[in-house]
Amino acid sequence: MTTSNAATAPARQWRIFPELSGTAIAGVAIAIFLLAFLILPVLKVTYVAFQDPHTGALTLQNFGDFFRSSLFRSSFVNSFYVSAMSVVVATVIALPLAYITTRFNFGGSALIQSIGVIPLIMPPFVGAIAMQLLFGRNGTVNLLLSQYLGFKIPFMEGLNGVIFVQSLHYFPFILINLSASLRNIDKAMEESAQNLGCTGLRLFRRIVFPLAMPGYIAGAALVFIKVFDDLGTPLLLNVNNMLAPQAYLRISSVGISDPMGYVISFILVAFSVFSLWASFLFMRGKDYATVQKGGGGLARRDLSRGEKIVAYGVVVFILLLVLSPHFGLTLLAFGTIWSFSPLPDGYTLANFATVFEQSLQYVVNTLIYAGLAAGFDIILGTAIAYIVLRTGIKGRKMLDYMATAALAVPGVVLGIGYLRLFHSFEVPVIGKPLASWWVIIVIALTVRRLPYALRACMAALQQVSLSLEEAAENLGASKGRSIRRIVVPLMAGGILAGFVTSFATAAVELSATIMLVSTSDDAPLSYGIYLYMQSPSGRGAGAALGILAVVIVGLGTYLSNRMIEKDRARKAEVRASH
């Protein structure tokens with residue numbers, strides 16, 4: 001016995017690596033992936049932004065050059081202005097819809113809320129050209145205004161066009177969050193204020209809206225960040241004096257060694273993080289809790305006949321406005337020639353024929369890229385969710401934070417980081433740099449959409465009782481077998497919803513992919529739309545591709561919601577049976 005112990009002692013003494021469980025190994029592998037393809041590219045961009053391009057020494061000279069340039073200063077101001085005004089316009093659109101549908105007994109409230117979310121289905125850059133044809137200087141609306149009233153309104157001139165398009169696309173973020181907050185307000189607080197003589201607009205300004213502020217701030221912060229970081233819409237509207245377009249143009253025209261592209265990228269990331277921090281700071285130290293359990297929602301009241309007419313008029317006007325990009329895109333896709341006329345001169349299916357004859361590769365590439373990215377996302381999301389919620393591994397929360405941090409990194413910044421970090425990394429066997437290989441597009445989409453899949457997997461796992469997994473292990477199942485046979489099947493609804501959400505949103509990603517497409521054979525759908533929209537002759541085919549993109553995203557959103565509802569119904573039946 002003594003001899004045996006002596007023999008085994010050296011093995012224990014000289015062990016270099018600790019014995020790791022399967023989940024720990026998976027956690028380490030995921031951390032390495034996120035470090036390599038999220039953290040390091042952003043750090044590389046940050047480092048180059050502070051690096052002297054000639055000597056390699058750290059310096060603030062690049063930022064001095066940035067702020068000494070009138071173009072860059074105006075781009076910075078314009079980006080901030082467009083983002084802030086988009087929040088204001090989006091609020092003007094969302095607030096009446098949210099308040100009317102939650103405050104009054106209003107027929108069709110559920111339908112109005114559903115229609116109000118439809119703009120999210122269409123990426124903003126897809127509808128930008130259609131909006132020009134409807135609201136531009138010689139668009140439908142201005143031609144009619146000029147003919148009958150003798151004046152035009154500059155809806156789409158310069159920055160106005162970016163604000164208009166972005167507001168119509170992103171206002172649902174405010175609508176969804178604000179509506180949820182309004183439904184959770186304790187009606188007892190409203191009644192107390194009314195008993196003290198506070199009514200009408202003063203009641204809304206002093207009581208209702210301040211109590212709904214958490215939802216509003218959450219939605220407004222999302223709108224600000226999304227608009228500030230967006231690349232496709234300004235490019236398609238030929239508005240280049242904003243930060244994201246300048247970052248793209250500097251890298252694509254001057255080259256990856258140009259320091260200004262990295263300075264702009266650093267500012268984009270910094271402002272995204274700053275916006276989130278400012279929203280948290282604004283809410284800190286304030287109490288929005290309700291007294292009544294469950295809130296109870298605002299006390300609904302009936303509208304008089306006159307109020308109902310006004311309310312329906314406002315709602316119909318807003319819905320027609322927010323759906324106008326979809327109408328315009330449909331007309332453009334089926335139209336023959338649409339120029340200096342309220343409507344196309346004729347209608348045809350030739351644009352769709354062009355897409356299927358000449359541009360089917362864009363669709364095939366998109367299905368491959370988005371499918372692979374969504375598959376990787378649910379694998380990573382399921383693994384991270386399990387490690388965070390079911391294990392005691394040290395540092396497990398960092399996986400959640402790292403994956404979620406992708407939300408604060410603009411696509412154009414991630415693309416620039418990949419180009420800088422991997423342009424000299426040659427892939428064995430393939431014989432080309434990783435930055436020029438189509439796989440890098442899949443990796444970018446995976447990283448960009450991971451937070452969506454992760455949240456779905458987190459929610460699904462939180463609904464799976466730990467006792468089921470423990471029971472399987474007590475009956476002799478290994479940890480891996482219990483995960484495969486018990487946990488994952490019970491998470492199936494959430495996993496599928498995460499897959500579909502990641503797939504649908506990755507299918508129309510432009511900001512990152514436009515930086516990483518090296519050949520037209522590797523280009524996805526969003527890049528094809530961008531190319532077609534560059535010339536008037538190609539806009540019809542571009543709109544047809546846009547219709548396909550909207551169908552993909554819309555179908556994905558519908559299937560995701562259906563899967564979530566079916567999963568909830570199934571779990572409710574199981575609980576009821578027990």
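For the structure itself, consult the block above.
Note that the structure is predicted; figures quoted are calculated from it, not measured.

Participant: Any chance you could explain the overall build of the protein here in plain terms?
Facilitator: Helix and strand counts for the protein stand at 26 helices and zero strands. Taking 2.2 N^0.38 as the reference for a compact globule, 578 residues should give roughly 25 Å; the C-alpha atoms of the protein span a radius of gyration of 27 Å, in line with that estimate. Taking the principal axes of its C-alpha atoms as reference, the protein extends roughly 105 × 65 × 50 Å. Here the protein holds 578 residues, and 50% of them are scored as buried. For the protein, the share of sequence-separated contacts (at least 6 apart) that also reach a separation of at least 24 residues comes to 76%. Accessible surface, the protein as shown: approximately 27,500 Å² in total, 65% of it carbon and sulfur. Separation of charge centres in the protein, based on 42 positive and 27 negative side chains, amounts to 6 Å.

Participant: What exactly am I supposed to notice about the side chain of Asp229 here?
Facilitator: Mapped onto the elements, Asp229 comes out in helix H11 (residues 213-229). Of the side chains bearing the opposite charge, Arg448 lies closest to the buried Asp229, which forms no salt bridge; the N-O distance is 6.6 Å. Residues in contact with Asp229, not counting those within four places in the same chain, are Ala244, Leu268, Ser272 and Pro410.

Participant: Any chance you could explain the packing of helix H19 (residues 411-422) against helix H20 (residues 439-462) here in plain terms?
Facilitator: Axis angle and axis distance: for two packed helices, these are the angle between their axes and the distance between the axes, and together they describe the pair. At a closest axis distance of 11 Å, the pairing of H19 and H20 adopts a crossing angle of 140 degrees. Relative to H20, the element H19 is oriented oblique. The way H19 lies across H20 gives a crossing that is right-handed. Residues Gly411, Leu414, Tyr418 and Phe422 of H19 touch H20, and the partners they reach there are Ile440, Ile443, Ala444, Val447 and Arg448. Considered class by class, the residues forming the contact of H19 with H20 number seven nonpolar, one polar and one charged.

Participant: Would you mind going over helix H6 (residues 124-135) with me for this structure?
Facilitator: Along an α-helix, residues three or four apart share an orientation, since each turn contains 3.6 residues. The buried count for H6 comes to eleven of twelve residues, which makes it a mostly enclosed element. Within H6, the full set of buried residues consists of Pro124, Phe125, Val126, Gly127, Ala128, Ile129, Ala130, Met131, Leu133, Leu134 and Phe135.

Participant: I tried to follow helix H7 (residues 140-148) on my own but got confused; where do I start?
Facilitator: Taken together, the buried positions of H7 are occupied by Thr140, Asn142, Leu143 and Leu145. On its buried face, H7 is in contact with H6. Backbone geometry just after H7 places Gly150 at a positive phi near 80 degrees.

Participant: Is there a simple way to explain the packing of aromatic side chains in this structure?
Facilitator: When we look at a pair of aromatic rings, we describe it by the centre distance and by the angle of the planes. Enumeration over the complete set of coordinates arrives at 26 aromatic pairs. Plain terms: the ring middles of Trp437 and Trp438 are 6.4 Å apart, the flat faces sit at 70 degrees to each other, and that makes the pair edge-to-face. An aromatic cluster of at least three residues, connected via ring pairs, comprises Phe66, Phe67, Phe72, Phe76, Phe80, Phe224, Phe228, Phe271, Phe274 and Trp277.

Participant: What is the right way to read the packing of helix H13 (residues 243-254) against H19 from this model?
Facilitator: Closest axis-to-axis distance for the H13/H19 pair is 10 Å, and the angle between their directions is 20 degrees. With respect to H19, the axis of H13 lies roughly parallel. For the pair H13 and H19, the crossing hand works out as left-handed. On the side of H13, the interface is formed by Ala244, Ala247, Tyr248 and Ile251, while H19 contributes Val412, Ile416 and Leu419. The residue inventory of the contact of H13 with H19, partitioned by class, reads seven nonpolar, no polar and no charged.

Participant: Where do I start with a nonpolar patch on the surface in this structure?
Facilitator: Where nonpolar side chains cluster on the molecular surface, the patch consists of Phe356, Leu360, Val364, Ile368, Leu372, Phe376, Ile379 and Trp438 and spans about 700 Å² of accessible area. When residues in the nonpolar patch are grouped by element, the largest group, six residues, is from helix H17 (residues 360-390). In this structure, Phe376 sits in helix H17. Look at Phe376 and you get partly exposed, because its relative accessible area is 42%.

Participant: Quick question: what am I supposed to make of the nonpolar core here?
Facilitator: Here is a general trend for soluble globular proteins: nonpolar side chains tend to be buried in one another's company. If you look at the biggest cluster of nonpolar residues, it comprises 148 residues, and the most contacted ones within it are Tyr216, Val412, Tyr418, Ile514, Met515 and Leu545. Discounting chain neighbours no more than four positions away, the residues touching Met515 are Tyr248, Ile251, Val412, Gly415, Ile416 and Leu419. Counting residues in each nonpolar core, the second largest holds 25 residues, with Ile384, Ile387, Met402 and Ile495 among its members.

Reading the values: the criteria
Residues numbered from 1 in each chain as written. Predicted model: local features only at pLDDT ≥ 70, side-chain atom pairs only at ≥ 80, totals over all residues. Heavy atoms only, no water. Helix = DSSP H or I, 4+ residues; strand = E, 2+ residues; numbered from the N terminus. Rg over C-alpha atoms; globule rule 2.2 N^0.38 Å. Buried < 20%, exposed > 50% of the residue type's maximum accessible area, 1.4 Å probe, protein only. Contact = heavy atoms within 4.5 Å. Areas by Shrake-Rupley, 256 points an atom, 1.4 Å probe, with all protein chains shown as cover. Lys, Arg positive; Asp, Glu negative; His and termini not counted. Charge placed at Lys NZ, Arg CZ, Asp CG, Glu CD. Salt bridge = Lys/Arg side-chain N within 4 Å of Asp/Glu carboxyl O. Axes fitted to C-alpha atoms, helices over the stretch in contact; angles between N-to-C directions. Parallel < 35°, antiparallel > 145°, perpendicular 65-115°, else oblique. Left-handed = near helix turned anticlockwise from the far one by under 90°. Nonpolar A, V, L, I, M, F, W, Y, C, P; charged D, E, K, R; others polar. Phe/Tyr/Trp six-rings, centres within 6.5 Å; stacked < 30°, edge-to-face > 60°. Patch = residues over 30% accessible without salt bridge, like charges linked within 9 Å, V, L, I, M, F, W, Y side chains within 5 Å. Core = buried A, V, L, I, M, F, W, Y, C linked by side-chain atoms within 4.5 Å.

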